[in-house]
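The primary structure of each chain is shown beneath.
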Amino acid sequence: MLITKILNNNVVFSVNQTKEEVIVTGLGVGFNRKVGDVIPTEKIEKIFTTDNDPSNKQLIQLLEEIPFDYFSLADDIICYTEKELGKSLNKIIYVTLTDHIHYAVSRFKQGIFFENRLLWEIKKFYPEEFAIAKVCLKRINEHAAVDLPEDEAGFMALHIVNACNGYKSVDETMQVTILIQDVLNIIRYHFGLSFDEESLDYRRLIVHLRFFTMRMFEATPKKVLETDKWLYNRIIYDMPKAYACTRKIDDYLNKQYSYQLGKDEIVFLTAHIERLVQKN
């Protein structure tokens, strides 16, 4: 690969085998080199195609503005996260996480701290992502010689959730987290009970709500499932209290988000609520 443009010592442009323009990153990949030089393979850390994805322009701008070691640190964390989760993350996380780490460290050194008001919810709803974020927080603290609080692990967990589920922004991920908490509160107050948060049924409900809210916030129209009429009527007859609670949730979603539950969603949500309540 040949250098077609040099952004800085650590970022250059080139063209791949399919004639696509690419961004090549790596410590010193552009140092003391000029356009037309061959890019040393051992210097290449990451290659990004410069397609029409807006995140590419954001990444280029970010790499111009902040020290490259923050990008390398974010890259290490992203690779670790993908290995632990067993899935690839949306590449927007290279922008959002790099920027967040740089900003968090800068704030800490200025004595500025942000409280994560959703920390409790993040721990409960996204335990796997939060556990990964805590490991990553330790790496950041060691690398940057800072002592970022656990609140930052919560923020990073949201970035991970965002990159896993394809939400438009971390703000949307936070909105989903708030929505899940609101639904749980409706169930809690409807039945006047406290959840056993270590129970399998509670975890099943959380997983269901995570996937339900992900579908709800999708930009594309959802596929409507034809629910068996007999099953729907049986759910109403056999689980009247859980069904009444689901109707409260439906009213809330309609008022707050102009969203109405389909019959299939009513069936599944009612069944989850019934199972949870029966064992609490």
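Just so it is clear, the structure is predicted and the values come from calculations on it, not from any experiment.

Draft legend 1. Spotlight on the side chain of T98. Secondary-structure assignment places T98 in helix 3 (residues 93-109). Here the side chain of T98 touches Y94 through a polar contact of 2.5 Å, landing on its backbone oxygen. The residues contacting T98, other than those within four sequence positions of it, are L62, I66, Y70, F71, A74 and I93.

Draft legend 2. Local environment of the pairing of strand 2 (residues 11-15). Of all the five residues making up strand 2, four are buried; the element is thus mostly covered by neighbouring parts of the structure. As judged from the three bridges shared by strand 1 (residues 5-8) and strand 2, these two strands associate in the antiparallel manner. Bridged to K5 within strand 2 is F13. Counted between consecutive antiparallel strands, the loop separating strand 1 from strand 2 contains two residues. The hairpin formed by strand 2 and strand 3 (residues 21-25) contains five residues between the paired strands, and K19 there has a positive phi angle of roughly 70°.

Draft legend 3. Inspection of a nonpolar patch on the surface at higher detail. Where nonpolar side chains cluster on the molecular surface, the patch consists of Y103, I112 and F114 and spans about 280 Å² of accessible area. Secondary-structure assignment places Y103 in helix 3. For Y103, a relative accessible area of 44% puts it in the partly exposed group.

Draft legend 4. How the structure looks around the packing of aromatic side chains. Tallied over the full model, the rule gives eight aromatic pairs. Pairing F68 with F71 gives two aromatic rings, centres 5.5 Å apart and planes at 35°, and the pair type is tilted. One end of the pair, F68, and the other, F71, are both in helix 2 (residues 68-85), three residues apart, so they sit about a helical turn from each other. F71 matches F68 in its accessibility class, with the two residues each being buried. Judged by centre distance (5.9 Å) and plane angle (70°), the ring pair of F212 and Y259 falls under edge-to-face. One end of the pair, F212, is in helix 8 (residues 200-216); the other, Y259, is in the loop between helix 10 (240-257) and helix 11 (263-278), with 47 residues separating them in the sequence. The burial state of F212 is the same as that of Y259; both residues are buried. Directly above the aromatic system of Y103 lies the positively charged group of R107, at a separation of 4.9 Å from the ring centroid.

The rules we used
- Counting restarts for each chain, with residues numbered from 1 along the sequence as it is written.
- For a predicted model such as this one, the threshold for reporting local features is a pLDDT of at least 70, and the threshold for listing and counting side-chain atom pairs is 80 or more; totals across whole chains, interfaces and linings nevertheless cover every residue.
- Calculation of side-chain values draws on the structure's entire complement of heavy atoms; hydrogens and water are dropped beforehand.
- Per the convention used, a helix needs a DSSP run of H or I reaching at least four residues, while a strand needs a run of E reaching at least two, with both numbered from the N terminus.
- Contacts described as polar in this section are N or O atom pairs within 3.5 Å, which, within protein, must combine one atom able to donate a hydrogen with one able to accept it, while residues neighboring in sequence count only if both atoms come from side chains.
- Residues are treated as being in contact if the distance between any of their heavy atoms lies within 4.5 Å.
- Accessible area is worked out with a 1.4 Å probe on protein chains only. A residue is then buried under 20% of its type maximum, exposed over 50%, and partly exposed in between.
- One bridge is not enough; two strands pair if DSSP finds at least two bridges between them.
- Exposure above 30% relative accessible area and the absence of a salt bridge qualify a residue for a patch, where like charges join within 9 Å and nonpolar side chains (Val, Leu, Ile, Met, Phe, Trp, Tyr) within 5 Å.
- We get accessible surface area from the Shrake-Rupley algorithm with a probe of 1.4 Å; when it comes to residues, only the shown protein chains can shield them.
- In what follows, salt bridge is the name for a side-chain nitrogen of Lys or Arg lying within 4 Å of a carboxyl oxygen of Asp or Glu.
- Stacked, tilted and edge-to-face are the three classes assigned to paired rings of Phe, Tyr and Trp, where Trp is represented by its six-membered ring and a pair needs centres within 6.5 Å; plane angles under 30 degrees give stacked, over 60 edge-to-face, the rest tilted.
- We call a charge positioned above a ring when the Lys NZ or Arg CZ atom is no farther than 6 Å from the ring centre and deviates by at most 35 degrees from the ring normal.

Keep in mind these numbers describe shape, not what the thing actually does.
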